[in-house]
Amino acid sequence: MRGSHKIEIENKRLRYDFAVKRNITVIRGESATGKTTLITMLQSLEENGRDSGIRLHCDKPCLVFTTTRWKESRDQIHESIIFIDENQKFVTSQEFAEFVAHSDNYFVIVTREKLENLPYSVDEIYGIRISQKYAGFKKTYNEFYRIYYPHGITGDADMVVTEDSSSGYQFFKRAYQNIPCVSANGKSSVASKVRSLKGQRVLIIADGAAFGSEMERIEELILHGYDIILYLPESFEWLILASDILSDPEIRDILSHTEDFVESELYMSWERYYTHLLVAKTQKTYIAYSKSTINPNYLKDKVLNQICEMVPRAIRPKVDHLK
C-alpha cells in the first residue's frame, strides 16, 4: 500500500480527523487523552456496524488487531489500516516486525513502548489533543499533533555524532573537518555515545525516517542537562537527493510527495526507499552511490558544498573549503 489516507471517525460526542502516510504511525500520550477511545470506537463499529452510532470515512478498510486476531487473521488482511491498542504485547516481538516488513498494510500503533524492532519515523509520532478551533461546540474534535521536532538548531557544536558508520559518517567527517566527528555505529548506540560526551555540545545527525524508537532516550538526556543539537533529515541519501546535484525533475517530484511512491511491502522505511532511489539514479555516473563506502566525488568541494547547503544554516559546516 502507498499514499496518504485521510481518516474521519465520529459519533455524537467525538470526532477524530487525521491522515496516515507511512506504513507505521505511532500514537503516544498520557491516559485520558483519547488514544484508547479511538480504538474502542473502531472496534464498536466493526462489531455493531450502523447500530454503533459511529461513522467512518476512509478510502481503505480500518480495523483493530488484538492478540487473537493477530494470530488468526494476519495473513488474510491486505491493503488496510490496522490499529493496535497499547498493552498488545505482540507489537514488540520480532515476529510482528517481520510481518510489518513485508506487509501491504499500514499500522497505527498506540504504545508507550520504544518498539525497537520497528524503524518508524520521528515525524510520525503523534499525541492527541482537543482542537482549540472548535472550542465551544457540543462535539469534541480531536486532532493529532507531532510530538518531536528538531532540537537546539543554533550555534556551534563541540562534537558531531552520526548514527551512520559508513557513507554518511565519512561524508560528515570530511564536511565538519574542524570539529571532531565520531560514529555511534547504529541508532541504538547514539544515546550511550552522547552520554559519554557530557560537558560538550553535541550535534547528533541521524536518519529521521527510522529514528523514532530512540527519541525517548534522547529526550531523557536533554532533560538531564546534556547540551544536544538534534538534526534529523529523512536520511543521508535523502539529503543528497534533495540537494538536486542530479538536476532530475522526477526526483524533485518524488521528494514533494514521497508517500505516493513508497510501497509498504517493499520498503519498511522511507530511508530504505531513498537509498534504493539514489543508487538507481546514480548508477554508471561519476557519483555512483554506495552505502558502505562514500564515492570520493561526494567529497570534492563543489558536490560536498551543494549537499551541505541542505543543512540548516546555523549548524552548517563552517570550514574553508565550503566558502
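Structural notes, computed from the coordinates. (Residues numbered from 1 in each chain as written. Predicted model: local features only at pLDDT ≥ 70, side-chain atom pairs only at ≥ 80, totals over all residues. Heavy atoms only, no water.)

1. Digging into the pairing of strand β7 (residues 106–110)
Of all 5 residues making up β7, 5 are buried, and the element is well covered by its neighbours. Sheet analysis places strand β6 (residues 81–84) next to β7, joined by 4 bridges and oriented parallel. Considered in β7, the bridge of Ile84 is made with Ile109. In this region the chain leaves β6, passes through helix α3 (residues 94–101) and returns to the parallel neighbour β7; the handedness of that crossover is right-handed. (Buried < 20%, exposed > 50% of the residue type's maximum accessible area, 1.4 Å probe, protein only. Helix = DSSP H or I, 4+ residues; strand = E, 2+ residues; numbered from the N terminus. Pairing = 2+ DSSP bridges. Right-handed = clockwise from strand over helix to strand, strands pointing away.)

2. Some details on the packing of aromatic side chains
A complete count under the given rule lists 21 aromatic pairs for this structure. On the basis of an interplanar angle of 85 degrees and a centroid distance of 5.7 Å, the ring pair of Phe96 and Phe107 is categorised as edge-to-face. You can see Phe96 sitting in helix α3 and its partner Phe107 sitting in strand β7, a full 11 residues away along the chain. Take Phe96: its relative accessible area is 0%, and that puts it in the buried class. Phe107 sits in the buried class, given a relative accessible area of 1%. With a centroid separation of 6.5 Å and an interplanar angle of 90 degrees, the aromatic rings of Trp270 and Tyr274 are classed as edge-to-face. Of the two residues, Trp270 and Tyr274 both sit in helix α9 (residues 270–282), 4 residues apart, roughly one turn of that helix. (Phe/Tyr/Trp six-rings, centres within 6.5 Å; stacked < 30°, edge-to-face > 60°.)

3. Re the side chain of Asn11
Locating Asn11 in the fold gives a position in the loop between β1 (5–10) and β2 (14–20). Residue Asn11 is classed as buried on the basis of its relative accessible area of 14%. Engagement of the side chain of Asn11 in a polar contact is seen with the backbone nitrogen of Arg13, the distance being 2.9 Å. In terms of polar contacts, Asn11 uses its side chain to reach the backbone amide nitrogen of Leu14, at 2.7 Å. (Polar contact = N/O pair within 3.5 Å; in protein donor to acceptor, adjacent residues only side chain to side chain.)

4. Here's the deal with the pairing of β2
The buried fraction of β2 is high, at 5 of 7 residues. Sheet topology places β1 next to β2; 6 bridges connect them, and they run antiparallel. In the sheet register, Glu8 faces β2, and the bridge partner there is Asp17. The loop that links β1 with its antiparallel partner β2 comprises 3 residues. The sheet contact formed by β2 and strand β9 (residues 140–146) spans 3 bridges and is parallel. Along β9, the bridge assignment pairs Tyr16 with Asn142.

Spatial relationships are all this shows, so hold off on functional conclusions.
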